[in-house]
Amino acid sequence: MWLYIFVFLVTFFFMEFMAWFSHKYIMHGFLWTLHADHHRKDHDSWFERNDAFFIFYAAVSIGFFLLWQNNILDIGLAIGLGIFAYGLTYFIVHDIFIHQRFKLFRNANNPYAKAVRRAHKMHHKHIGKEHGECFGMLIVPFKYFKK
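So, here's what we can say about the structure. As a convention, each chain's residues are numbered from 1 in the sequence order in which they are written. Two thresholds apply to this predicted model, a pLDDT of at least 70 for residue-level local features and 80 or more for giving and counting side-chain atom pairs, whereas whole-chain, interface and lining totals are computed over all residues. Side-chain metrics rest on all non-hydrogen atoms present in the structure, leaving aside hydrogens and water.

We now examine the environment of K24. The topology assignment puts K24 in helix α1 (residues 2-30). Separated by 62 residues in the primary sequence, K24 and Y86 place their C-alpha atoms 18 Å from one another. Secondary structure is summarised from DSSP: a helix means a run of H or I of at least four residues, a strand means a run of E of at least two, and numbering begins at the N terminus for each.

Take a look at the structure:
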């Protein structure tokens, strides 16, 4: 039981690194064509090409569920749930809280929430693929906690 909880937590926190890495080197790299509409909207759809990254990580999570279900990887459920939990957290923080794709959680009343918004605002200050900053989501550089 403790192993599965440990694997879940390690996976969840590892996904923050994966989010930073894929955002910096993949989304702002060779797959910029999928991510660009997140920085500068060039269409009328509610959906963005950038949403393909959610689909990718959902498929990875489902893959781990299937490995567990078919008795191929005993910790597959814990890994799949860790990826899912991070994806859900990312969706709530990024799409709902920061970008207000749904009009919920509009007020940032605590220092962490304000820092997350400031850091992401600095990321979106750059509309091109170069010169970006703050590629992570949940781990915020200390300087954004200052007023």
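Here we take up helix α4 (residues 76-98). Here, expected helix span is obtained from the residue count minus one, scaled by 1.5 Å. Relative to the 33 Å expected for 23 residues at 1.5 Å per residue, α4 spans 31 Å between its end C-alpha atoms, a close match to the ideal helical length. In the segment just after α4, Q100 is the residue with positive phi, at about 55°.

Our focus in this paragraph is a nonpolar patch on the surface. Each patch groups residues whose relative accessible area exceeds 30% and which form no salt bridge, using 9 Å between like charges and 5 Å between nonpolar side chains of Val, Leu, Ile, Met, Phe, Trp and Tyr. What sets the accessible areas is the Shrake-Rupley method with a 1.4 Å probe; for residues, cover comes only from the shown protein chains. Salt bridges are defined by distance alone: a side-chain nitrogen of Lys or Arg within 4 Å of a carboxyl oxygen of Asp or Glu. Together, W46, F47, L81, F84, L88, I92, F102, L104 and F105 make up a nonpolar patch on the protein surface, roughly 870 Å² of accessible area in all. Mapped onto the elements of the fold, L88 is located in helix α4.

Throughout, nonpolar core names a set of buried Ala, Val, Leu, Ile, Met, Phe, Trp, Tyr and Cys residues whose side chains join them through atoms within 4.5 Å. Partly exposed describes any residue whose relative accessible area lies between the buried limit of under 20% and the exposed limit of over 50%, with all areas from a 1.4 Å probe on protein chains only and scaled to the type maximum. Among the nonpolar cores identified, the biggest contains 23 residues, and Y86, V93, I98, M137, L138, V140 and Y144 are the most heavily contacted of them. Counting only elements with at least two residues in this core, the list comes to α1, α4 and α5 (111-124). Of all the elements, α4 adds the most residues to this core, at 9 residues. Contact between two residues is taken to exist if any of their heavy atoms lie within 4.5 Å; hydrogens are not considered. V93 has contacts with I98, V116, M137 and L138, leaving out every residue within four places of it along the chain.

A word on the packing of aromatic side chains. Between two aromatic rings, the relevant description is the distance of the centres plus the angle of the planes. Aromatic rings from Phe, Tyr and Trp, with only the six-membered ring used for Trp, were paired whenever their centres fell within 6.5 Å, and each pair was classed as stacked if the ring planes differed by under 30 degrees, edge-to-face if by over 60, and tilted otherwise. One pass over the structure, following the stated rule, counts 13 aromatic pairs. Ring centres 5.1 Å apart and planes at 75° place the aromatic pair F56 and Y57 in the edge-to-face group. Since its relative accessible area comes to 48%, F56 is described here as partly exposed. Here the aromatic cluster, defined as three or more aromatic residues joined through ring pairs, consists of F12, F13, F54, Y86, Y90 and F91. Should the NZ of a Lys or the CZ of an Arg lie within 6 Å of a ring centre and within 35 degrees of the ring normal, that charge is described as sitting over the ring. Directly above the ring of F97 sits R117, whose terminal nitrogen or CZ lies 3.9 Å from the centroid.

Worth remembering: the numbers are spatial, not functional.
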